[in-house]
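# Inside the fold
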Amino acid sequence: MRYGKIKLALIIIVIVAVLYSLYPTYQLYFSIPKRENYLKNLLSNAQTKEDSARIQSELVDLEGEKIKIHKRALHLGLDLVGGMHLVLEIDKSQLARGEVKDAADRAQEIIKNRVDQFGVFEPIIQRMGEDRILVQLPGVDRARAKSIIGQTALLEFKLVAEERFTAEVLKKIDEYSKKVAKDTLKEGSFFNYLIDVGKVDLGVDERDLPYVSRLLEEVDTIINPPSRPERDQYEFLFGPLENYEGKRIRRLYLLKKVPELTGKGIASARVDAYQGSNINLANTWIVSLKLNREATRTFASVTGRNVGRRLAIVLDGVVRSAPVIQERIPSGEAMITTGDVNPERARDLAIVIRSGSLPAPVLVIEERSVGPALGLDAINKGIKSVVIAAILVLIFMAFYYKLSGLIADCALFFNILFTLAVLASLRATLTLPGLAALALTVGMGVDANVLIFERIREELRFGRTVRAAVDTGFSRALVTIIDANVTTVITALVLYFFGTGPIKGFSLTLIFGLLINLFTAVFLTKFAIDALLTKVGLRSLPI
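If you tally the helices and strands in the protein, you get 15 helices and 18 strands. Relative to the compact-globule value of 24 Å for 543 residues, the protein shows a C-alpha radius of gyration of 33 Å, a clear excess of over 25%. Principal-axis analysis of the C-alpha atoms gives the protein an extent of 115 × 50 × 45 Å. Taking all 543 residues of the protein together, 43% fall into the buried category.

Written out as structure tokens, the structure reads:
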């Protein structure tokens, strides 16, 4: 056998490369889920807060490892793993004329950044017309996906009004409410809607929120008389929903309208466990913010001029925290509390802050989800069809062509394995049409081997030696095999360039399957038969 050692070395190198390429896929779909389930079971049975925090930290690390591996693994499409299909529309009603033109482009780029950091791979994020964006996210939780994509993430730092001024404003609102809407108020007083929360804050019961919000909108002229400059105007904003003494409330803040600083100055945002002295926030997660150099100078100036006052951190119109400025802060560091023991919310919040704010709110005008159960059902049926077809073919080949058929079976196995490895290396996505292309590749592989074996049989019937029959059979069948595969590859290329979505997935899988088929059906099969004839010393070829 000519160049036998070189051919063997080449085959070993290819097999090692294939296993290296597919190992991350094995980790992603088999090893990591097993470890994740183990940690979640430990978390549900954790006896102490320390154990809970440690396991949650391991889960966060595992999620980071999963994201890294995901980049090198074979991805499953929306039809296999389930996920979200969203059509978003940019709300341009509040944008200035100069901002409208590229609002959709900027929103698309920001959504793409958020999705990348979220750890979704092979997402589809495309423009649809002037102001719509198509988003398809395989394998994601519906609520989390909508939260990350749809959140405007406008981050602002605003000064809280001083207590004396707030008391004066509340008194005026109370007088207005008694005068205008006394029939609808509890005991005729606005103060009856307010709840003392702690020593300094006021809150509103969630059930009273619609009325209080409407009333506060009506009294804007009382809060901000026309003579007051814009820089000194105020507005009421609420905090997030929280439980306080058995009630579901939102804290109420009176803030300056003009922010001292915005999220444009954020250099980094990361998730940390809360380490402060507030016992209500123990074992919860926060988002630690780091400002860039310019924003740090502004932040230091603002905190230096307002020591003793409260500075609110406002995200999308909700006051996330309002700490008292104890001293000038030159480090440019701040934090957003989440009050959540689950780190997912803090991690998602850090993602949207790092990605920047959307130029305008986005509206979900179409939403479809493929549930994991449906995706799993599709996977099972797709894999079952490929496996059954492959088993029937393998049995037929082994029965009809004996030892040669078994060699062809091995070549088919390597054909599928090599194709999956190439798809994984290219970070392609395997979809249901991709599984169909794999089944078609198996058929083409069988066809190539049948051509070769029938040629060899003919040569043997003409009385040639086994060695000569094998060489002639492969040589004469090669032209036909190349013709069949190349013409099909050309058709698949046309489908790839003119098709979209699933059609591209089908054609890409078919193209690589057919090219690899030339290697496995011709090179690999001939190497195996040559090795049996020359190294093992077979005098006849069972075919």
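Time to look at helix H1 (residues 4-44). Taking 1.5 Å of rise per residue, 41 residues should cover 60 Å, and H1 covers 58 Å from first to last C-alpha, within 8% of that figure. Bending of H1 peaks at approximately 45 degrees at the position of Gln-27.

We now examine the sheet that holds strand E13 (residues 285-291). Pairing within the open sheet is antiparallel, and its 3 strands lie in the order E12-E13-E16. Only two strands of the sheet have a single neighbouring strand rather than two, namely strand E12 (266-273) and strand E16 (333-337). The sheet shows a mean angle of 25 degrees between the axes of neighbouring strands, direction not considered. Bridge analysis of E12 against E13 gives 7 bridges, and the strand direction is antiparallel. Along E13, the bridge assignment pairs Arg-270 with Ser-288.

Here we take up the environment of Val-522. Take Val-522: it is sitting in helix H15 (residues 502-536). In the structure, Val-522 is positioned 114 residues away from Ala-408 in sequence and 9.8 Å away in space, judged by C-alpha atoms.

As a further point, take the pairing of strand E10 (residues 247-256). Among the 10 residues that make up E10, 7 are buried, leaving the element largely enclosed by the rest of the structure. In the sheet, strand E7 (residues 201-205) pairs with E10 via 4 bridges, with the strands oriented antiparallel. Bridge assignment links Gly-203 to a residue of E10, and that residue is Arg-251. Judged from the 5 bridges that link them, strand E8 (residues 234-238) and E10 form a sheet pairing that is antiparallel. Looking at the pairing, Phe-238 lines up with Leu-252 of E10. Linking strand E9 (residues 242-244) back to E10 in an antiparallel pair, the connection comprises 2 residues, with Glu-245 at a positive phi of about 50 degrees.

Moving on: the sheet that holds strand E5 (residues 155-159). Taken in spatial order, the 4 strands make up an open sheet running E11-E5-E14-E15, and their pairing is antiparallel. Each edge of the open sheet carries a strand with a single partner, namely strand E11 (261-262) and strand E15 (318-321).

Under the definition given, this model contains 21 salt bridges. In this structure, Glu-162 engages Arg-309 in a salt bridge whose closest nitrogen and oxygen atoms are separated by 4.0 Å. Of this pair, Glu-162 sits in the loop between E5 and helix H7 (163-180) while Arg-309 is found in the loop between helix H10 (293-305) and strand E14 (311-315), placing the two residues 147 residues apart along the sequence. With a relative accessible area of 17%, Arg-309 lands in the buried category. Where Asp-530 meets Lys-526, a salt bridge forms, and the shortest distance between an N and an O atom there is 3.0 Å. Of this pair, Asp-530 and Lys-526 both sit in helix H15, separated by 4 residues, roughly a single helical turn. Residue classification places Asp-530 among the buried positions, given a relative accessible area of 3%. Classification of Lys-526 as partly exposed rests on a relative accessible area of 22%. Among the ionic contacts, a cluster of salt bridges with common partners joins Asp-201, Glu-242, Arg-251 and Arg-310.

Moving on, we get to the pairing of strand E2 (residues 83-90). Across the 8 residues of E2, 7 count as buried, placing the element largely inside the fold. Bridging between E2 and strand E4 (residues 132-138) involves 7 bridges; their strand directions are antiparallel. By the bridge assignment, Leu-86 is partnered in E4 with Val-135.

Before going further, it helps to spend a moment on the packing of aromatic side chains. Per the stated rule, a full pass over the model turns up 13 aromatic pairs. Just above the ring of Phe-474 sits the side chain of Lys-526; from NZ or CZ to the centre is 5.9 Å.

This part is about helix H14 (residues 466-498). Between its terminal C-alpha atoms H14 stretches 47 Å, which fits the 48 Å expected from 33 residues at 1.5 Å a residue. For H14, the full list of buried residues reads Val-466, Ala-469, Val-470, Thr-472, Gly-473, Phe-474, Ala-477, Ile-481, Asn-485, Val-489 and Ala-492. The inward-facing, buried residues of H14 contact helix H13 (432-461) and H15.

A contiguous nonpolar surface patch, about 760 Å² in accessible area, is contributed by Leu-478, Ile-482, Val-486, Ile-490, Leu-493, Val-494, Phe-497 and Phe-498. Tracing the chain through its elements places Phe-497 in helix H14.

A few words now on the packing of H13 against H14. The geometry of H13 relative to H14 is characterised by a closest axis approach of 8 Å and an angle of 150 degrees between their N-to-C directions. The chirality of how H13 crosses H14 is right-handed. In the contact of H13 with H14, the residues fall into 13 nonpolar, 5 polar and 3 charged.

So, about the side chain of Asp-205. Turning to its location among the elements, Asp-205 is positioned in strand E7. Within polar-contact distance, the side chain of Asp-205 engages the backbone nitrogen of Arg-207 at 2.9 Å. Apart from residues no more than four positions distant in its own chain, Asp-205 is found in contact with Tyr-193, Ile-195, Lys-247, Arg-248 and Ile-249.

This next bit is on the environment of Leu-289. Mapped onto the elements of the fold, Leu-289 is located in strand E13. Along the primary structure Leu-289 and Ala-350 are separated by 61 residues, whereas in three dimensions their C-alpha atoms are 8.6 Å apart. Once residues lying within four places of it in the same chain are set aside, the contact partners of Leu-289 are Leu-155, Phe-157, Ile-266, Ser-268, Ala-269, Gly-332, Glu-333, Ala-334, Met-335, Ile-336 and Ile-353.

Turning our eyes to something else, we now look at the environment of Ser-177. Checked against the element boundaries, Ser-177 lands in helix H7. For Ser-177, a relative accessible area of 0% puts it in the buried group. Between the C-alpha atoms of Ser-177 and Leu-216, which are 39 residues apart in sequence, the distance is 9.9 Å. A polar atom in the side chain of Ser-177 sits 2.7 Å from the backbone oxygen of Asp-174.

So, how was this worked out
- One numbering rule holds for all chains: residues counted from 1, following each sequence as written.
- Under the rules for a predicted model, residues below a pLDDT of 70 receive no local features and side-chain atom pairs below 80 are neither given nor counted, while totals for whole chains, interfaces and linings still include all residues.
- Computation of side-chain values covers all heavy atoms of the structure but excludes hydrogens and water.
- The helix and strand labels rest on DSSP assignments: H or I over at least four residues marks a helix, E over at least two residues marks a strand, and numbering proceeds from the N terminus.
- Restricting the calculation to C-alpha atoms gives the radius of gyration, and the globule rule supplies 2.2 Å times the number of residues raised to the power 0.38.
- Burial classes: relative accessible area under 20% of the type maximum marks a residue as buried, over 50% as exposed, and values in between as partly exposed (1.4 Å probe, protein chains only).
- What a helix should span is 1.5 Å times the count of its residues minus one.
- The bend at a residue is defined as the angle formed between two axes, one fitted to the seven residues ending at that residue and one fitted to the seven starting there.
- One bridge is not enough; two strands pair if DSSP finds at least two bridges between them.
- Helix axes are fitted only over the stretch in contact, all axes being lines through C-alpha atoms; the angle between N-to-C directions runs from 0 to 180 degrees.
- Salt bridge criterion: a side-chain nitrogen from Lys or Arg within 4 Å of a carboxyl oxygen from Asp or Glu.
- Here a pair means two rings of Phe, Tyr or Trp (six-membered ring of Trp) with centres within 6.5 Å. Their orientation is stacked below 30 degrees between planes, edge-to-face above 60, and tilted elsewhere.
- The criterion for a charge sitting over a ring is simple: Lys NZ or Arg CZ within 6 Å of the ring centre, and within 35 degrees of the ring normal.
- The contact criterion used is simple: two residues touch if any of their non-hydrogen atoms lie within 4.5 Å.
- Here the term patch refers to residues with relative accessible area over 30% and no salt bridge, with like charges joined within 9 Å and nonpolar side chains (Val, Leu, Ile, Met, Phe, Trp, Tyr) within 5 Å.
- All accessible-area figures derive from a Shrake-Rupley calculation using a 1.4 Å probe, and residue coverage is judged against the displayed protein chains alone.
- The crossing is said to be left-handed when, going from far helix to near helix, the turn is anticlockwise and less than a right angle, and right-handed when the turn is clockwise.
- We call Asp, Glu, Lys and Arg charged. Ala, Val, Leu, Ile, Met, Phe, Trp, Tyr, Cys and Pro are nonpolar, and the rest, Gly among them, are polar.
- Pairing of N or O atoms within 3.5 Å defines a polar contact, subject to two protein rules: one partner must be a possible hydrogen donor and the other a possible acceptor, and residues neighboring in sequence count only if both atoms are side-chain atoms.

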